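Each chain, letter by letter, is given below.
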Amino acid sequence: AVVSTQSTGKADKMRERQRAIQAGGIEGRSLVDFPCNTLMTCDKCQRLQKNRAFCYFCDSVQKLPMCGHCGKTKCQQKSGDCIIKHPNQFTTGMAMVGAVCDHCEAWICHGKKCLESHGCACPCIDSQCFECKRTVWDHGGRLFICSFCRYNICEDDQMEHQASCQVLESEDFKCGSCNKVGQWSCLRCKLCFCDDHVRRKGAKLEKNVAMKCPKCQFELRETKDLSMSTRKYEFGRQGAAYDDDDYDDYPGFYQNHDFGGAGGFSFGGVKAERCETSESEEYESEEESEELETELEQLSVS
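For the structure given in this document, a descriptive report is provided here.

Criteria and thresholds
- Residues numbered from 1 in each chain as written.
- Predicted model: local features only at pLDDT ≥ 70, side-chain atom pairs only at ≥ 80, totals over all residues.
- Heavy atoms only, no water.
- Patch = residues over 30% accessible without salt bridge, like charges linked within 9 Å, V, L, I, M, F, W, Y side chains within 5 Å.
- Areas by Shrake-Rupley, 256 points an atom, 1.4 Å probe, with all protein chains shown as cover.
- Salt bridge = Lys/Arg side-chain N within 4 Å of Asp/Glu carboxyl O.
- Helix = DSSP H or I, 4+ residues; strand = E, 2+ residues; numbered from the N terminus.
- Buried < 20%, exposed > 50% of the residue type's maximum accessible area, 1.4 Å probe, protein only.
- Pairing = 2+ DSSP bridges.

### Brief notes about a nonpolar patch on the surface
Stage number 1. Together, Phe54, Val61 and Met94 line one region of the surface with nonpolar side chains, adding up to about 260 Å² of accessible area.
Stage number 2. On the secondary structure map, phenylalanine 54 appears in the loop between β2 (48-50) and β3 (74-75).

### Regarding the pattern of salt bridges
Stage number 1. A complete count under the given rule lists 6 salt bridges for this structure.
Stage number 2. Note that aspartate 156 and arginine 134 form a salt bridge whose closest N and O atoms lie 2.7 Å from each other. Of this pair, aspartate 156 sits in the loop between β8 (152-154) and α3 (158-163) while arginine 134 sits in the loop between α2 (112-121) and β7 (143-145), and the two are 22 residues apart along the sequence.
Stage number 3. Residues arginine 199 and aspartate 195 are paired through a salt bridge, measuring 3.1 Å at the closest nitrogen-oxygen approach.
Stage number 4. Accessibility expressed as a relative area gives 45% for arginine 199, which makes it partly exposed.

### A short note on the sheet that holds strand β10 (residues 191-193)
Stage number 1. Ordered by their spatial adjacency, 3 strands build an open sheet running β10-β9-β11, and the pairing between neighbours is antiparallel. Among the strands making up the open sheet, the edge pair consists of β10 and β11 (221-222).
Stage number 2. Judged from the 2 bridges that link them, strand β9 (residues 184-186) and β11 form a sheet pairing that is antiparallel. Looking at the pairing, tryptophan 184 lines up with glutamate 222 of β11.

The structure is reproduced here in structure tokens:
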């Protein structure tokens, strides 16, 4: 009974692994699940950061480094593919380390499989943040992949980017090639396309494969399945902050301001009339008049 339970558990894990591979992604796994992108707490400064060889804040080496490929912190292989043989003893710390990855800045153990395969299969290759253009060596946080546009995002810009990723570059939902309503949306170009231009002549449409964007060949998604919004312009006097001691009431300033017209004009249903001059304006006008008088006296004396 015990053997059958273990076998069913392994079979379930294998099925989940196959589903993840069919779903896509980097080797069918999420970027957060890789050992080189896990969280680490520094032994010296106690700061939380991404798994790396040297602390991002104090440059200290950890007591128990984790392999960025297999995720182990202790080598228990008495006879295996270890480059450095250690018969009849287990290795931890720097005795387990074999190299440092140039892409993810994490330790790699001295196993032959990890050393040979991680350099080319590292998920942090070309992992530049789409928002701030920083690499792993420039920030201390983890890396994420946006679930909409599939770009690499650092931990600092993750929430802000995903909140504004479903915003179109246009002011309406019309197709980028014609005037019809767009039924498909590209989350990289931030454009909508109608069904005629997506299924255009010459486009290769495969079965059970998402249709491609006519512009960048990224996977298209139906607009109705997304929470897409259009571009908005926030300017003008509506809801803007006006920090001035002379004009505490911002809308009242525009309603009482003299725009230079002979009889005034209507602005938002309110008659704009000539406003009274403030104390600061009167003080400036007096100073200007005094300066003119002194200049005239100097000219008359000369």
